[in-house]
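Residues per chain are reported as follows:
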Amino acid sequence: MRTVGEGVDAGWAGRRVIASVGFTGGYAEQAATTTDHLVPVPDGLGLREAAALAHDGVTAAALMQATAPGPGERVLILGASGGMGTLLVQMTHAAGAHVVAVARGDRKTALVKELGADDVIDGAEAEWVEQARAALEAAGGPADVVLDGVGGAIGAAAFALTADGGRFSAHGAPTGGFAPIDPQEAARRGITLRGIGDVQLTDAEYVRLAGHALGEAAAGRLRPVIGHVYPLEQAAEAHTAIEERSLLGKVLLSARGE
Ligand SMILES: NC(=O)c1ccc[n+]([C@@H]2O[C@H](COP(=O)([O-])OP(=O)(O)OC[C@H]3O[C@@H](n4cnc5c(N)ncnc54)[C@H](OP(=O)(O)O)[C@@H]3O)[C@@H](O)[C@H]2O)c1
């Protein structure tokens, strides 16, 4: 629709934009929002790529701010093959960190390697924790930063791989729950705990970080990985694919074939 409401800058009419539609969800052909939620999509960036970054790119950027991995630091990423995981691999690599990533199976481990991980551990292996520990030790010691997009017992196992004085972000829960980390043990070891509560953003922060993510992608420095695009009416199949962990990266829904 190429019109704007009363009192709205006519320059928005026809612009390609993304917006966070909040917790009401976005499974719709049209959405109403206010202009302070709009983020222009840069020329040259596809709408699908922008959609893949609308949530994951913003949260990934916020997690980078919250854990601040720096050059030469060792970063362990769990769930590295997912929509946000694939972005975190690229962002931590770009920050100059040594990236040890965990993903499952040949296709996913190959993708994560291609995106910049220095070491990739197959999470399907029974000894993945020992393998991750060995990779970290070979790079100099335990992980300065752990980005846990998986949670549960897997996240808890990764806590043991975190350096004293490090940062551990328990933001993921596809296993059914966030990593159960004892805050007292974290305090005793000087580990800063971060989680989903640390990346709840104001509208202005959302717009700023989304604009940054879209700009990085338009400049070719960030590649959203789109595993599959389903038509809106096949949303149930999309959810099944996510639960079966059969796809790489982000799964999108498309309304009207866009
Ligand atoms: N994306 C966001 O903006 C956002 C915002 C807030 C919180 N989060 C949390 O962060 C997590 C990661 O985000 P994402 O976008 O990368 O998610 P995603 O695209 O759903 O990927 C999650 C990855 O975790 C692994 N996984 C899934 N189920 C698992 C299980 N039962 N046990 C072990 N591993 C499992 C899978 O990798 P393998 O098959 O390779 O093991 C999958 O690729 C989300 O699940 C969510 O809990 C995300």
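Remember, it's a predicted structure, so these values are computed and weren't measured experimentally. (Residues numbered from 1 in each chain as written. Predicted model: local features only at pLDDT ≥ 70, side-chain atom pairs only at ≥ 80, totals over all residues. Heavy atoms only, no water.)

A. Representation of the overall build of the chain. Tallying secondary structure elements over the chain gives 9 helices and 10 strands in all. Taken over C-alpha atoms, the radius of gyration comes to 19 Å for the chain, in line with the 18 Å a tight globule of 258 residues would show. Counting all 258 residues of the chain, 42% fall into the buried class. Look at the contacts in the chain between residues 6 or more apart in sequence, and 63% of them connect residues 24 or more apart. (Helix = DSSP H or I, 4+ residues; strand = E, 2+ residues; numbered from the N terminus. Rg over C-alpha atoms; globule rule 2.2 N^0.38 Å. Buried < 20%, exposed > 50% of the residue type's maximum accessible area, 1.4 Å probe, protein only. Contact = heavy atoms within 4.5 Å.)

B. Up close: the layout of surface pockets. There is about 190 Å³ of room inside the second largest pocket. Around the second largest pocket sit Ala61, Met64, Gln65, Gln90, Met91, Ala94, Arg208, Leu209, His212, Glu216, Arg221 and Leu222, which together line it. Every element with two or more residues in the lining of the second largest pocket is listed here: helix 2 (56-67), helix 3 (83-94) and helix 8 (203-218). Top contributing element to the lining of the second largest pocket by residue count: helix 8, with 4 residues. (1 Å grid on protein atoms, 1.4 Å probe; cavity = no way out; pocket = protein on both sides within 12 Å on 5 of 7 lines; lining within 4 Å. Points joined across faces, edges and corners; volume = space filled by probe spheres on them.)

C. Representation of the packing of helix 2 against helix 8 in the model. In contact at an axis separation of 8 Å, helix 2 and helix 8 are set at 100 degrees when each is read in the N-to-C sense. One element, helix 2, and the other, helix 8, form an angle in the roughly perpendicular class. Between helix 2 and helix 8, the residues in contact are Gly57, Val58, Ala61, Ala62 and Gln65 and Tyr206, Arg208, Leu209, Ala210 and Ala213, respectively. Counted by class, the contact of helix 2 with helix 8 contains 7 nonpolar, 2 polar and 1 charged residues. (Axes fitted to C-alpha atoms, helices over the stretch in contact; angles between N-to-C directions. Parallel < 35°, antiparallel > 145°, perpendicular 65-115°, else oblique. Nonpolar A, V, L, I, M, F, W, Y, C, P; charged D, E, K, R; others polar.)

D. Region of the structure containing the domain arrangement of the chain. Domain annotation for the chain reports domain 1 (10-55 + 203-254) and domain 2 (68-199). Computed from C-alpha coordinates alone, the two centres of domain 1 and domain 2 are separated by 25 Å. Looking at the side of domain 1 facing domain 2, the largest losses of area belong to Arg223, Arg245 and Leu248, adding up to 49% of the total buried there. Inspection of the domain 1/domain 2 interface yields 1 salt bridge. One salt bridge in this structure joins Arg223 and Glu114, with 2.9 Å as the shortest N-O distance. Along the contact surface separating domain 1 from domain 2 lie 7 residue pairs in polar contact (both at pLDDT 80 or more). (Domains from an automatic or database assignment. Buried area = accessible area lost by both parts, 1.4 Å probe. Salt bridge = Lys/Arg side-chain N within 4 Å of Asp/Glu carboxyl O. Polar contact = N/O pair within 3.5 Å; in protein donor to acceptor, adjacent residues only side chain to side chain.)

E. Fine view of the sheet that holds strand 3 (residues 74-78). Read from one edge to the other, the open sheet built from 6 strands follows the order 5-4-3-6-7-8, with strand pairing classed as parallel. Looking at which strands have only one partner, the edges of the open sheet turn out to be strand 5 (119-122) and strand 8 (192-195). This sheet shows a mean twist of 15 degrees between the axes of neighbouring strands, independent of strand direction. With respect to the sheet, helix 2 is in contact with strand 6 (143-148), strand 7 (162-170) and strand 8, its orientation differing from that of strand 7 by roughly 155 degrees. (Pairing = 2+ DSSP bridges.)

F. Examining the pattern of salt bridges more closely. On inspection of all chains with the given rule, the structure shows 8 salt bridges. In this structure, Asp56 and Lys250 form a salt bridge, with 3.1 Å as the shortest nitrogen-oxygen distance. Within this pair, whereas Asp56 is found in helix 2, its partner Lys250 is found in strand 10 (residues 250-254), the two being separated by 194 residues in sequence. A relative accessible area of 6% places Asp56 in the buried class.

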